[in-house]
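An overview of the molecular structure
Chain residues, written in single-letter form:
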Amino acid sequence: MADRTAGLTGDADPPVRRAAGATASVAVVLAIAVAGVVAYLTSSAHGLHDPVHALQQFDLFYLDQPAPLAEQLGLQPGRPVLVVVCEDCQAPDVDAQVRVTDDPDVARRYGLLTAEGRIGPGYAVVDATGTLRYRTFDPAPAAHSEEIAVLLDAAR
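What counts, and where the lines are drawn
Residue positions within a chain follow its written sequence, with the count starting from 1. Restriction of local features to residues with pLDDT of at least 70 applies here, the model being predicted, together with a cutoff of 80 or more for giving and counting side-chain atom pairs; totals for whole chains, interfaces and linings are based on all residues. Processing note: side-chain calculations cover all non-hydrogen atoms of the structure and skip hydrogens and water entirely. At least two DSSP bridges between two strands are needed for those strands to be called paired. Where helices and strands are cited, they refer to DSSP runs of H or I of at least four residues and of E of at least two residues respectively, numbered from the N terminus. Disulfides are defined in this document as cysteine sulfur pairs within 2.5 Å. Accessibility here uses a 1.4 Å probe with only protein chains present; expressed as a share of the type maximum, an area under 20% marks a residue as buried, one over 50% as exposed, and anything in between as partly exposed. Put simply, a salt bridge is a Lys or Arg side-chain nitrogen that is within 4 Å of an Asp or Glu carboxyl oxygen.

1. Focus: the sheet that holds strand β2 (residues 81-85)
With mixed pairing, five strands are arranged side by side in an open sheet as β1-β5-β4-β2-β3. Where the open sheet ends on each side, the last strands, each with one partner, are β1 (65-66) and β3 (97-101). As paired strands, β2 and β3 are joined by five bridges and run parallel to one another. By the bridge assignment, V84 is partnered in β3 with V100.

Now the structure itself:
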């Protein structure tokens, strides 16, 4: 009967090693997550976001309201519209109605006027029914024609 207790002293080591392994795994996962966040914040993709965090927009249709100043902008129902708001920028080449304006009232009503009074640059997507569906600040709308075309196709 004395032989049964001989192996019990070595049984405490495996749980301690498993706990250390779990701690190391958690540390590695956290390090990877932090590295990913740092990589994103230093990437050019993050540079497209507005430095005023309250003005950052999600990259999807999230609005559902009548397009402001539709008559003033000459928006025609039945086709999506791209409203480009900027003081000096080129409009993207897309298959839709495109309206370019630097009117501060339009910028304010479309949410593309900053607290400092900066007008855009940015754009808004109005769907075929005249509903404002998306808006975002964009430093170079003409450079993002393909992405904007995807949004406009979804707005048909």
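Structure shown, so let's carry the discussion forward.
2. With respect to the state of the cysteines
Defined simply, a disulfide is a covalent bond joining two cysteines at their sulfur atoms. Scanning the model with the defined rule gives one disulfide in all. Between C86 and C89 runs a disulfide, and the two sulfur atoms are separated by 1.9 Å. Because the torsion about its S-S bond is -75 degrees, the bridge between C86 and C89 counts as left-handed. The exposure class of C89 is partly exposed, given its relative accessible area of 25%.

3. Examining the pattern of salt bridges
Counting across every chain of the model gives five salt bridges. Where R156 meets D95, a salt bridge forms, and the shortest distance between an N and an O atom there is 3.7 Å. Pair noted here: R156 is in the segment after α4 (145-154) and D95 is in the loop between β2 and β3, with a separation of 61 residues, a long-range link. Assessed through its relative accessible area of 55%, D95 is described here as exposed. R133 is the partner of D127 in a salt bridge, and the nearest nitrogen-oxygen pair spans 3.9 Å. Overall, R133 belongs to the partly exposed group, its relative accessible area being 22%.

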